[in-house]
Amino acid sequence: MDTARLVLTILILIGMSAICSGLNLSLMSLDITDLRRKSKAGDIRAKLVLPLRKNRHLSLASILLTNVAVVSATSLVLEHRFNGIIAGLASTILIVVFGEILPQAIFIRNSLKFTAIFVPMLRVMIIITYPVSKLLQLLLDKLFGPESFQLHSRQELGIIIGEHAGQKGSELDDDEVEIIRSVLTMSEKRVREIMTPITDVYCIEPGTVIDADKIDDMKDKMWSRIPIINKSRTHCTGFLLLKDLVDIDFDEESYRVEELPIHNTRVVGSMMALDTLFRKFVGKHSHLLIVERDDKIIGIVTIEDLIEEILGHEIEDESDGNR
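On a predicted model such as this, the values are computed, not experimentally measured, just so you know.

Peer 1: Report on the overall build of the chain, specifying residues and quantitative values.
Peer 2: Check the secondary structure of the chain and you find 13 helices and eight strands. Radius of gyration (C-alpha) of the chain: 35 Å, far over the 20 Å computed for a compact globule of 323 residues. Its C-alpha atoms put the chain at 115 × 40 × 30 Å along the principal axes. Expressed as a percentage of its 323 residues, the buried residues of the chain come to 35%. Looking at the chain alone, contacts between residues at least 24 apart form 65% of all its contacts between residues at least 6 apart. Looking at the chain as shown, the accessible area adds up to about 19,200 Å², and 57% of this sits on carbon and sulfur atoms. Of the charged side chains in the chain, 37 are positive and 46 negative, and the gap between their average positions amounts to 14 Å.

See the structure below:
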């Protein structure tokens, strides 16, 4: 064998070993759950790689069988030209440096990209080694079973989303990141954390007479919804909606609160989680709920309070006080 043919043969064999080594690391490093998500999102590379990653034992056996065959062939070729010690040292150095370390360092930088590129070659490896690799696959499947499906915890999801903040390559802007992170913590936060204490709420008692002066007082307080709560703060009759009173002439006549349109509301516990509170708002078709603890009314919570918690900042309207 002349020198040129020897060099070419060694380069081909080392190249094959490098591809096998890189594929072994890159394919096995890909998370199958992540591949499924990307495949559903339309990622072509993920769709190519997913079947091979799902059948991991067959792919792994085919890669390793091919790699061992290539390494053995490299040693035989070198031994044919050089003595045993030199051939052993040369093959070891070439395989370790160019067939293992460098390709693995390169492939791991972008596992999905490189694995997708060499999918056709991996399929050829599977076909060539199939009689042996299939037996190994069946054995490994029997010993270790199917790969478990891993879900992220709420905390892990928050960390993953948080990593998008300030990153130029992210499809999420900082506002979206903040909103998603807030939503993920809704089940950990309680109504008492976002409610308005009853001491800060403008409310009226049952039997209150509503006249022009009272209407002016309501307007000055700048609350769009006025709860009707008894003096002992144990019961809420409902609430008045200020816009319902616009067409009523209070200059000529006064009314007891019970004679005016009263909107029903519901009571929620102070320790209710915010995700449950959201479902309450949706189910009750109400923008205001009464917060209770130990059978005493301690505050109110509005849909605006919940939205502000999700957005991470207050919603300021024209009066910055409307409820």
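Peer 1: Can you tell me about the pattern of salt bridges, naming the residues and giving the values?
Peer 2: Pairing between side chains becomes possible if they bear opposite charge and their charged atoms approach one another. Scanning the model with the defined rule gives five salt bridges in all. Arg45 is the partner of Asp43 in a salt bridge, and the nearest nitrogen-oxygen pair spans 4.0 Å. By relative accessible area, which is 22% here, Asp43 ends up partly exposed. Note that Glu309 is salt-bridged to Lys189, the shortest N-O span being 2.6 Å. In this pair, Glu309 sits in helix α13 (residues 303–311) while Lys189 sits in the loop between α9 (174–184) and α10 (191–194), placing the two residues 120 residues apart along the sequence. Several salt bridges share partner residues, and in doing so they unite Asp34, Arg37 and Lys38 into one network.

Peer 1: Describe the state of the cysteines, with residues and values.
Peer 2: Per the counting criterion, the structure on display carries zero disulfides. Here Cys203 stays free of any disulfide, with the sulfur of Cys236 as its closest cysteine sulfur at 8.5 Å.

Peer 1: Can you explain the side chain of Thr115? Please cite residues and give values.
Peer 2: Here Thr115 lies in helix α6 (residues 111–117). Within the structure, Thr115 has its side chain in polar contact with the backbone oxygen of Ser111 (distance 2.6 Å). Beyond its immediate stretch of four places on either side in the chain, Thr115 contacts Leu23, Ser26, Leu27, Leu30 and Val49.

Peer 1: Residue-level account of the environment of Arg181, with values.
Peer 2: Relative to the helices and strands, Arg181 resides in helix α9. Classification of Arg181 by relative accessible area gives partly exposed; the value is 39%. A C-alpha to C-alpha distance of 45 Å links Arg181 and Ser133, two positions 48 residues apart in sequence. Setting aside chain neighbours within four positions, we find Arg181 in contact with Gly158, Ile161 and Gly162.

Peer 1: Quick one: what's the story with the nonpolar core, residue by residue and with numbers?
Peer 2: In terms of nonpolar packing, the biggest core is built from 24 residues, with Ile204, Ile210, Met218, Ile226, Leu240 and Leu245 touching the most fellow members. For this core, the secondary structure elements donating two or more residues are α11 (212–221), β3 (225–229), β4 (236–241), β7 (288–293) and β8 (296–302). Looking at this core element by element, the count peaks at four residues for β4. Excluding residues that lie within four positions of it along the chain, Ile210 makes contacts with Ile204, Ile215, Met218, Phe250, Ser254, Tyr255, Val257 and Leu260. Within the second largest apolar cluster, 22 residues are counted, among which are Leu30, Val49, Leu50 and Leu122.

Cut-offs applied
- Residues numbered from 1 in each chain as written.
- Predicted model: local features only at pLDDT ≥ 70, side-chain atom pairs only at ≥ 80, totals over all residues.
- Heavy atoms only, no water.
- Helix = DSSP H or I, 4+ residues; strand = E, 2+ residues; numbered from the N terminus.
- Rg over C-alpha atoms; globule rule 2.2 N^0.38 Å.
- Buried < 20%, exposed > 50% of the residue type's maximum accessible area, 1.4 Å probe, protein only.
- Contact = heavy atoms within 4.5 Å.
- Areas by Shrake-Rupley, 256 points an atom, 1.4 Å probe, with all protein chains shown as cover.
- Lys, Arg positive; Asp, Glu negative; His and termini not counted.
- Charge placed at Lys NZ, Arg CZ, Asp CG, Glu CD.
- Salt bridge = Lys/Arg side-chain N within 4 Å of Asp/Glu carboxyl O.
- Disulfide = S-S within 2.5 Å.
- Polar contact = N/O pair within 3.5 Å; in protein donor to acceptor, adjacent residues only side chain to side chain.
- Core = buried A, V, L, I, M, F, W, Y, C linked by side-chain atoms within 4.5 Å.

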